[in-house]
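# Topology and contacts: notes
Here's the letter readout for the chains.
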Amino acid sequence: GIFGINYSDNDYRLKNIMQLLEDNLDIIILTEDESSQDEVMNILSKTDKFTKSNKVLHISYRSVAIENAINIMNHDDTLLILGKGNEKFLSMAFGKERYNGDKYYAIKYLNKRKEFENETI
């Protein structure tokens, strides 16, 4: 599953989020929700102290996290993308940044994977 960590998440909340994710997911990809790039990297590294396993990946850019999740999942897997939904922006350090939405990127990379699989068969 893909989960966006917010810069306002405190240690208690992060600990609970990480426990919930680890208990229920095989692979966890943590990514940006809304914050500056430096904040994202600090938050993602902060989650390490609450992680007991090696099934957590940090991919700071949200669209890249979605692409990677789609590329590593098996055909019978379920992918959870939690956070932005279909919003057309990310609130970043210097204002709103245009973002096509999680649904857009999920469809884009699913179609790209299907094309690749059809070409290799």
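## Regarding the pairing of strand E2 (residues 28-32)
Within E2, five of the five residues are buried, which leaves it mostly tucked inside the rest of the structure. Sheet analysis places strand E1 (residues 2-5) next to E2, joined by four bridges and oriented parallel. The partner of Gly4 across the bridge, within E2, is Thr31. Relative to strand E3 (residues 56-58), E2 runs parallel, the two being bridged by three bridges. Note that in E3 the partner of Ile29 across the bridge is Leu57.

## Looking at the side chain of Arg113
With respect to the helices and strands, the residue Arg113 is situated in helix H4 (residues 102-120). With near-sequence residues (within four places) excluded, Arg113 lies in contact with Ile70, Asn71, Met73 and His75.

## Regarding the environment of Leu14
Of note, Leu14 is situated in helix H1 (residues 11-24). In this structure, the C-alpha to C-alpha distance between Leu14 and Lys49, residues 35 residues apart in sequence, is 9.8 Å.

## Quick word on the packing of aromatic side chains
All told, the structure shown has three aromatic pairs when counted by the stated rule. Look at Tyr99 and Tyr105: their rings are 5.3 Å apart centre to centre, the planes differ by 35°, and that puts the pair in the tilted class. Look at Tyr99 and you get buried, because its relative accessible area is 5%. Residues Tyr105 and Tyr109 carry aromatic rings whose centres are separated by 6.2 Å and whose planes lie at 15° to one another, so their mutual orientation is stacked. Linking Tyr105 with Tyr109, this pair stays in helix H4, spanning four residues, or about one helical turn. Taken together through their ring pairs, the aromatic side chains of Tyr99, Tyr104, Tyr105 and Tyr109 make up a single cluster.

## Description of helix H3 (residues 62-72)
Among all positions of H3, only Arg62, Ser63, Ala65, Ile66, Glu67, Ala69 and Ile70 are buried. For H3, the elements touching its buried residues are E1, E2, strand E4 (81-82) and H4.

Definitions and limits used
- Residues numbered from 1 in each chain as written.
- Predicted model: local features only at pLDDT ≥ 70, side-chain atom pairs only at ≥ 80, totals over all residues.
- Heavy atoms only, no water.
- Buried < 20%, exposed > 50% of the residue type's maximum accessible area, 1.4 Å probe, protein only.
- Helix = DSSP H or I, 4+ residues; strand = E, 2+ residues; numbered from the N terminus.
- Pairing = 2+ DSSP bridges.
- Contact = heavy atoms within 4.5 Å.
- Phe/Tyr/Trp six-rings, centres within 6.5 Å; stacked < 30°, edge-to-face > 60°.

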